[in-house]
Amino acid sequence: MIPPGKRRHVLLLMGYYVPRIHRGVVDYARRVGWILDAGRARSRSLPKHWQGDGIISLHADDPEVIRVIRRAKVPSVDLSIGRKLPNMARVLFDHEAIGRMAAEHLLSKGLETIGFVGADAEDNVHPNAFWRIAGMREAAQAAGRRFFVAHLGNLVEMVKSRK
């Protein structure tokens, strides 16, 4: 337990670097008064003699990052969509809500047909895209509008057929 008034020392550790996540954690740390070690965000290692209070990670199933987190023996929060590690809190995006919000924005512009472009193929959709597509489809159907998914592989043919 951290005594009242003591500033928390938190390490940001990333299996791969995402500038927006780095910036977001830095902004939050400033607001709440943490002492944030973000210099190791790209290093995948624990600073020598580090005596921190917690770790925020984007482990991305990177075995070295996971090993460092486990060795640290401090509370940790992960931001990865990868496998959930036991005894580790995780914070993720609500991809279905993101899809709904995107659809609602497009529908508010008066569009009759909206779509999701970017999935590789029906059977090879990234989990983020799968849930965003579901959210968009739900919002389009609720508004009585048409919705389609354009796979990158058939996008050219799809555009040509609509002319």
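Residues numbered from 1 in each chain as written. Predicted model: local features only at pLDDT ≥ 70, side-chain atom pairs only at ≥ 80, totals over all residues. Heavy atoms only, no water.

### Considering the overall build of the protein chain
And step 1. When its secondary structure is counted, the protein chain shows 5 helices and 7 strands.
And step 2. Overall, the protein chain shows an N-to-C arrangement of helices and strands of β-α-β-β-α-β-β-α-β-α-β-α.
And step 3. Residue burial in the protein chain is summarised as follows: out of 163 residues, 34% are buried.
And step 4. Contacts spanning at least 24 positions in sequence make up 56% of the contacts within the protein chain whose residues lie at least 6 apart.
And step 5. As displayed, the protein chain offers around 10600 Å² of accessible surface, 55% of which is attributable to carbon and sulfur atoms. (Helix = DSSP H or I, 4+ residues; strand = E, 2+ residues; numbered from the N terminus. Buried < 20%, exposed > 50% of the residue type's maximum accessible area, 1.4 Å probe, protein only. Contact = heavy atoms within 4.5 Å. Areas by Shrake-Rupley, 256 points an atom, 1.4 Å probe, with all protein chains shown as cover.)

### As for the sheet that holds strand E1 (residues 9-14)
Consider a sheet: its strands pair through backbone hydrogen bonds, and that pairing is either parallel or antiparallel.
And step 1. What the 5 strands build is an open sheet, ordered E2-E1-E3-E4-E5; its pairing is parallel. Lying at the two open borders of the sheet, with one neighbouring strand each, are strand E2 (35-37) and strand E5 (89-90).
And step 2. Relative to E5, strand E4 (residues 76-78) is paired through 2 bridges, and the arrangement is parallel. Its bridge partner lying in E5, valine 77 is registered against alanine 89.
And step 3. On the sheet, helix H1 (residues 19-32) packs against E1, E2 and strand E3 (54-58) and is oriented at approximately 175° with respect to E1.
And step 4. Sitting on the sheet, helix H2 (residues 63-72) touches E1, E3 and E4, and the angle it makes with E1 is about 160°. (Pairing = 2+ DSSP bridges. Axes fitted to C-alpha atoms, helices over the stretch in contact; angles between N-to-C directions.)

### Digging into the packing of aromatic side chains
And step 1. Under the defined criterion, the tally for this structure stands at 2 aromatic pairs.
And step 2. Ring plane angle 75° and centroid distance 5.2 Å describe the contact between tyrosine 28 and tryptophan 34, whose orientation is recorded as edge-to-face.
And step 3. Here tyrosine 28 falls in the partly exposed class, since its relative accessible area comes to 38%.
And step 4. Seen in terms of ring centroids, phenylalanine 130 and tryptophan 131 are 5.0 Å apart; in terms of plane orientation they differ by 90°. Their pairing is edge-to-face.
And step 5. Judged by its relative accessible area of 46%, phenylalanine 130 is partly exposed. (Phe/Tyr/Trp six-rings, centres within 6.5 Å; stacked < 30°, edge-to-face > 60°.)

### Looking at the pattern of salt bridges
And step 1. Counted by the stated rule, this structure contains 5 salt bridges.
And step 2. A salt bridge links aspartate 53 to lysine 6; the nearest nitrogen and oxygen atoms lie 3.4 Å apart. Here aspartate 53, found in the loop between E2 and E3, pairs with lysine 6, found in the segment before E1; they are 47 residues apart in sequence, far enough to count as distant. (Salt bridge = Lys/Arg side-chain N within 4 Å of Asp/Glu carboxyl O.)

### A short note on the nonpolar core
And step 1. Core analysis: the biggest nonpolar cluster contains 13 residues, and Leu12, Met14, Ile21 and Ile56 have the highest contact counts within it.
And step 2. When contributions to this core are tallied by element, the ones reaching two or more residues are E1, H1 and E3.
And step 3. In terms of residues, this core owes the most to one element, H1, which gives 4 residues.
And step 4. Leu13, Trp50, Ile55 and Ile66 belong to the second largest nonpolar core, which has 12 residues in total. (Core = buried A, V, L, I, M, F, W, Y, C linked by side-chain atoms within 4.5 Å.)

### What to know about the confidence of the model for the protein chain
And step 1. Here the protein chain averages 85 in pLDDT, and 89% of its residues register 70 or above.
And step 2. Averaged pLDDT values for the elements of the protein chain fall to 71 in helix H5 (residues 155-161) and rise to 96 in helix H3 (residues 95-108). (pLDDT = per-residue confidence, 0-100.)

### Some thoughts on the side chain of serine 57
And step 1. Residue position: serine 57 is located in strand E3.
And step 2. A distance of 2.8 Å separates a polar atom in the side chain of serine 57 from a polar atom in the side chain of aspartate 78.
And step 3. Aside from chain neighbours lying at most four places away, what touches serine 57 is Leu13, Ile69, Val77, Asp78, Leu79, Ser80 and Met88. (Polar contact = N/O pair within 3.5 Å; in protein donor to acceptor, adjacent residues only side chain to side chain.)

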